[in-house]
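Observations on the model geometry
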Amino acid sequence: MSDWKLAYHANCWGMLGGNAQGVTSITDLSYRTFGDMDRAFADIAAAGYEGVELFDGNLLDYSAADLRTLLANTGLTLVAAYAGGNFIFDDILPEELARVTRAADRAAELGALHLVVGGGAKRHDGIRDEDYVKLGTALDKVKAIAEERGLRGHYHPHLSTIVEGPETVDQIFGLTSIDFCPDTAHLAAAGGDPAKLIRDHASRISYVHLKGFQTEPFAFTPLDRGDVPTGPILAALRETGFKGWVCTELDAWPDPAEGARISMDYLKRA
């Protein structure tokens, strides 16, 4: 793994949610971890990771100067910002893209490499074929926003969106030129084989989210716990010549610092 750098997402250090004002103002509806990011950064660095990924809401909580200080104090690199949106509704798309742009501006200002988005809303009356076309068009706009700022744009298929399992993953990447950020647990939970999807879409993968998954009870886990072995996933990345940042994440764990250490211990052995 000498060609890989290891990062960790700061989303585990508190409850996950969004800004409440986003209910009435789409432009303010950012992702957020309701936790102490200073503690998260310190724990991530102590576990041996070199980089960190932040939700857009947490990223924009800080001034650029304050976040530079926090990164310097912990020795971490800001690798990526993560944002999301519905991306299929014409009237609100400009508001969503304005929010993504704010996150991209701050990420670029701090030297990050990647901008990741998830989304693609499920309508109350079911998915329409046109929704995939609309999502693909929106993702191309996200890619352009990223490239204009020297970032690499990625789409992250996610449970509860219109892109979850292998068929819809294949479908959306035929409709957009944005890169594919595979989240190994979400892909497995949706019935996919993460290692196969990595091989199938290797030319589109320049950034990866790793985490474990167990089916019963449903939960995300540290690496190589649960029902989805991490070894074949790492083998697929090696075989396809992946180079760059790999970001481990864990949406919730009783002791987030312990979760980060468990995954790092596995990666060192692997």
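Residues numbered from 1 in each chain as written. Predicted model: local features only at pLDDT ≥ 70, side-chain atom pairs only at ≥ 80, totals over all residues. Heavy atoms only, no water.

**Considerations on the overall build of the chain**
For clarity, the cut-off: For the purposes of this entry, the term helix denotes a DSSP run of H or I that reaches at least four residues, the term strand denotes a run of E that reaches at least two, and both are numbered from the N terminus. This radius of gyration counts C-alpha atoms alone. The globule rule is 2.2 Å times how many residues there are, raised to the power 0.38. Type-normalised accessible area, obtained with a 1.4 Å probe on protein chains alone, sets the label of each residue: buried when under 20%, exposed when over 50%, and partly exposed for intermediate values. In what follows, residue pairs with any heavy atoms lying within 4.5 Å of each other are defined as contacts. Method for areas: the Shrake-Rupley scheme with a 1.4 Å probe, in which residue coverage is limited to the protein chains shown. Charged residues are defined here as Lys and Arg on the positive side and Asp and Glu on the negative side; His and the ends of the chain fall outside this count. Think of each charge as sitting on NZ of Lys, CZ of Arg, CG of Asp or CD of Glu.
Per the secondary structure count, the chain includes ten helices and twelve strands. Radius of gyration (C-alpha) of the chain: 17 Å, near the 18 Å computed for a compact globule of 270 residues. Its C-alpha atoms put the chain at 45 × 40 × 35 Å along the principal axes. Taking all 270 residues of the chain together, 55% fall into the buried category. When contacts within the chain are restricted to residue pairs at least 6 apart in sequence, long-range pairs at least 24 apart make up 77% of them. Approximately 11,100 Å² of the chain is accessible, and the part contributed by carbon and sulfur atoms is 49%. Each charge class in the chain was averaged separately, 25 positive and 39 negative side chains, and the resulting centres sit 4 Å apart.

**Section: the packing of helix α4 (residues 93–109) against helix α5 (residues 129–148)**
Heads up, the condition is: To obtain an axis, a line is fitted to C-alpha atoms, over the contacting stretch when the element is a helix, and the angle between two such axes runs from 0 to 180 degrees between their N-to-C directions. Each angle receives one of four descriptions, namely roughly parallel if under 35 degrees, roughly antiparallel if over 145, roughly perpendicular if within 65 to 115, and oblique otherwise. The crossing is said to be left-handed when, going from far helix to near helix, the turn is anticlockwise and less than a right angle, and right-handed when the turn is clockwise. Amino acids outside the nonpolar list (Ala, Val, Leu, Ile, Met, Phe, Trp, Tyr, Cys, Pro) and the charged list (Asp, Glu, Lys, Arg) are all regarded as polar, and Gly is one of them.
Orientation of α4 relative to α5, taken along the N-to-C sense of each, is 30°, at an axis distance of 10 Å. Judged on the interaxial angle alone, α5 and α4 are roughly parallel. The way α4 lies across α5 gives a crossing that is right-handed. Every residue of α5 that contacts α4 at Leu93, Leu97, Val100, Thr101 and Ala104 is listed here: Ala138, Lys141, Val142 and Ile145. Partitioned by chemical class, the residues of the contact of α4 with α5 number seven nonpolar, one polar and one charged.

**Some points on the pairing of strand β5 (residues 77–85)**
Selection rule: Here, strands pair whenever DSSP counts at least two bridges between them. Here, the term right-handed applies to a crossover whose path from the first strand over the helix to the second runs clockwise when the strands point away from the viewer.
Extensive coverage of β5 is indicated by the burial of eight of its nine residues. Where β5 lies against strand β6 (residues 114–119), six bridges are found, and the strand directions are parallel. Its bridge partner lying in β6, Tyr82 is registered against Val116. A crossover links β5 with its parallel partner β6, the connecting element being α4, and its sense is right-handed.

**Structural notes on the side chain of Ser263**
Turning to its location among the elements, Ser263 is positioned in helix α10 (residues 256–269). For Ser263, a relative accessible area of 1% translates into the label buried. Apart from the residues lying within four places of it in its own chain, the contact partners of Ser263 are Tyr49, Pro222, Leu223 and Thr248.

**Quick look at the environment of Glu130**
Within the element layout of this structure, Glu130 appears in helix α5. With 42 residues separating them along the chain, Glu130 and Ile88 place their C-alpha atoms 8.6 Å apart.

**What to know about helix α9 (residues 231–239)**
Let me state the cut-off plainly: Throughout, the arc means that of the directions going from the helix axis to the C-beta atoms.
Buried within α9 we find Ile233, Leu234, Ala236 and Leu237. One side of α9 holds all its buried residues, which, seen down the axis, span an arc of 155°. Where α9 is buried, its residues touch β1 (4–9), α7 (184–189), α8 (194–200), β9 (208–210) and α10. Once α9 ends, the next one or two residues include Gly241, with phi positive near 75°.

**Notes on the pattern of salt bridges**
To keep it simple, the criterion reads: When a carboxyl oxygen of Asp or Glu lies within 4 Å of a side-chain nitrogen of Lys or Arg, that pair is called a salt bridge.
This model, assessed by the stated rule, comprises 17 salt bridges. The salt bridge partner of Lys122 is Glu164, with a shortest N-O separation of 3.5 Å. One end of the pair, Lys122, is in the loop between β6 and α5; the other, Glu164, is in the loop between β7 (152–155) and α6 (166–172), and 42 residues separate them in sequence. Judged by its relative accessible area of 22%, Glu164 falls in the partly exposed class. By sharing partners, the salt bridges in this structure join Asp183, Lys211, Glu249 and Asp251 into a single network.

**Regarding the packing of aromatic side chains**
Going by this rule: Ring pairs are drawn from Phe, Tyr and Trp, using the six-membered ring of Trp, whenever the two centres fall within 6.5 Å, and their geometry is named by plane angle: stacked under 30 degrees, edge-to-face over 60, tilted for the rest.
According to the stated counting rule, one finds eleven aromatic pairs in the structure shown. Seen from their ring centres, Tyr8 and Trp13 are 5.9 Å apart, and the 85° between their planes marks the pair as edge-to-face. Across this residue pair, the class does not change: Tyr8 and Trp13 are buried. Ring centres of Tyr8 and Tyr49 lie 4.9 Å apart, and the angle between their planes is 50°; this geometry places the pair in the tilted category. One end of the pair, Tyr8, is in strand β1; the other, Tyr49, is in the loop between α1 (37–46) and β4 (51–55), and 41 residues separate them in sequence. Comparing Tyr8 with Tyr49, the two get one shared label, buried. In this structure an aromatic cluster arises from ring pairing among Tyr8, Trp13 and Tyr49.

**Side note on the nonpolar core**
Operational definition: Each nonpolar core is a collection of buried residues, namely Ala, Val, Leu, Ile, Met, Phe, Trp, Tyr and Cys, held together in the definition by side-chain atoms within 4.5 Å.
If you look at the biggest cluster of nonpolar residues, it comprises 77 residues, and the most contacted ones within it are Phe41, Leu67, Leu135 and Tyr155. Aside from chain neighbours lying at most four places away, what touches Phe41 is Val52, Leu54, Leu67, Leu70, Leu71, Thr74 and Leu76. Ala7, Phe55, Val116 and Tyr207 belong to the second-largest nonpolar core, a separate cluster that totals ten residues.

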